Amino acid sequence: MDRKKFLAKGLIGLATIVALPGAITSCKKEDTPLSSGPGGPGSPEDNEPWDGSGDCPVSPRETEGPYPIKTPAQLVMENIIGDRTGVALLMTITINDQSNDCAPLPGVLVDVWQCDKDGNYSQYGDYTGASFLRGRQTTDGNGQVSFISIFPGWYSGRAPHIHIEVLDTNENSLLVSQIAFPADIYTEVYATSGYNGAPDTSNDSDGIFANSIEGNICDSITGNTTDGYTLLKTIIVE
């Protein structure tokens, strides 16, 4: 989705909009000690060390977590904000096929889900009747999908993240992974009013990201807390 279409369709009436092109922040690894907390480590089979070797490594396979989408086929939409508020986020995700020389993979399903600025997920707990911050798109000819969202908050034991699953046309799962954010960006966002301050878990102290952060971290992120952010991430599947 281009920026003009995004601005026209997605965030009219909201206090924040996604930034026009500006300086791009490369997403980098942090260096902090390993620890864990509630909601942190997945099971060993879901949290194997990531092998990032080669020119086209498959993206890290991660646990889908405790809050996967219950009804993804009913959530085919670009704007997944619902009634939530927060700093605007436009994410463009590219799916590449390792088995085809890492070429873009068209026609596959991409599901995303995330918490709101207070760390709450829809379809669970106090929000069983809501479906905010969840959505599904089909990749275009460039292997891309875009979602209009907000910058996620955090909850105890986890670094800030977005869940992602790639499925074939028969809804067979090709990969479950998670997207992480650079510390300088989430620190900037969480210092704004409405968010809950600094998270209690950094990327490298997160039980999910600790052995795969270089594969989870976004490719780039552009913007600021006033205008919003644009995130780019490439996910590689087999």
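Residues numbered from 1 in each chain as written. Predicted model: local features only at pLDDT ≥ 70, side-chain atom pairs only at ≥ 80, totals over all residues. Heavy atoms only, no water.

Caption draft 1: Summary view of the packing of aromatic side chains. By the definition in use, this model includes nine aromatic pairs. Ring centres of Tyr67 and Tyr121 lie 4.5 Å apart, and the angle between their planes is 25 degrees; this geometry places the pair in the stacked category. Within this pair, whereas Tyr67 is found in the loop between strand S1 (24-26) and strand S2 (88-97), its partner Tyr121 is found in the loop between strand S4 (109-113) and strand S5 (134-138), the two being separated by 54 residues in sequence. Judged by its relative accessible area of 29%, Tyr67 is partly exposed. Between Tyr121 and Tyr155 the ring centres are 5.8 Å apart and the planes differ by 70 degrees, which places this aromatic pair in the edge-to-face class. Of this pair, Tyr121 sits in the loop between S4 and S5 while Tyr155 sits in the loop between strand S6 (144-150) and strand S7 (161-167); the two residues are 34 residues apart in sequence, bridging distant segments of the chain. Given the relative accessible area of 4%, Tyr121 is considered buried. Residue Tyr155 is classed as buried on the basis of its relative accessible area of 17%. Following the ring pairs from residue to residue traces out a cluster consisting of Phe151, Phe181, Tyr186, Tyr190, Tyr195 and Tyr229. Between the NZ or CZ atom of Arg84 and the centre of the ring of Phe132, over which it lies, the distance is 4.1 Å. (Phe/Tyr/Trp six-rings, centres within 6.5 Å; stacked < 30°, edge-to-face > 60°. Helix = DSSP H or I, 4+ residues; strand = E, 2+ residues; numbered from the N terminus. Buried < 20%, exposed > 50% of the residue type's maximum accessible area, 1.4 Å probe, protein only. Lys NZ or Arg CZ within 6 Å of the ring centre and 35° of its normal.)

Caption draft 2: Quick look at helix H2 (residues 183-190). Three or more residues of H2 are buried, namely Ile185, Tyr186, Val189 and Tyr190. For H2, the buried positions fall inside an angular range of 120 degrees around the axis, keeping them on one side. (Arc of directions from axis to C-beta.)

Caption draft 3: Region of interest: the nonpolar core. Core analysis: the biggest nonpolar cluster contains 45 residues, and Ile93, Ile95, Val112, Phe151 and Ile221 have the highest contact counts within it. Elements represented by at least two residues in this core include exactly S2, S4, S6, S7, strand S8 (173-180), H2 and strand S10 (228-237). Looking at this core element by element, the count peaks at five residues for S2. Look past the residues within four positions of Phe151 in its chain and what remains in contact with it is Val87, Leu89, Gln114, Phe181, Ile185, Tyr186, Val189, Tyr190, Tyr195, Ile221 and Tyr229. Of all hydrophobic cores here, the second largest spans six residues; its members include Leu75, Cys115, Tyr121 and Tyr155. (Core = buried A, V, L, I, M, F, W, Y, C linked by side-chain atoms within 4.5 Å. Contact = heavy atoms within 4.5 Å.)

Caption draft 4: Layout of the pattern of salt bridges. Tallied over the entire structure, the rule returns seven salt bridges. Between Lys117 and Asp118 there is a salt bridge, with its nearest N and O atoms 3.4 Å apart. Under the relative-accessibility criterion, Lys117 is labelled buried at 18%. Accessibility expressed as a relative area gives 36% for Asp118, which makes it partly exposed. A salt bridge links Arg136 to Glu171; its shortest N-O distance comes to 3.1 Å. Within this pair, whereas Arg136 is found in strand S5, its partner Glu171 is found in the loop between S7 and S8, the two being separated by 35 residues in sequence. Accessibility expressed as a relative area gives 4% for Arg136, which makes it buried. (Salt bridge = Lys/Arg side-chain N within 4 Å of Asp/Glu carboxyl O.)

Caption draft 5: Representation of the state of the cysteines within the structure. In the structure shown here, the tally under the stated rule is one disulfide. A disulfide bridge connects Cys56 with Cys102, and the sulfur atoms are separated by 1.8 Å. Judged by the sign of its S-S torsion, about 75 degrees, the cystine formed by Cys56 and Cys102 is right-handed. Here Cys102 lies in the loop between S2 and strand S3 (103-104) and Cys56 lies in the loop between S1 and S2, a separation of 46 residues in the sequence. Like Cys102, Cys56 is buried. (Disulfide = S-S within 2.5 Å.)

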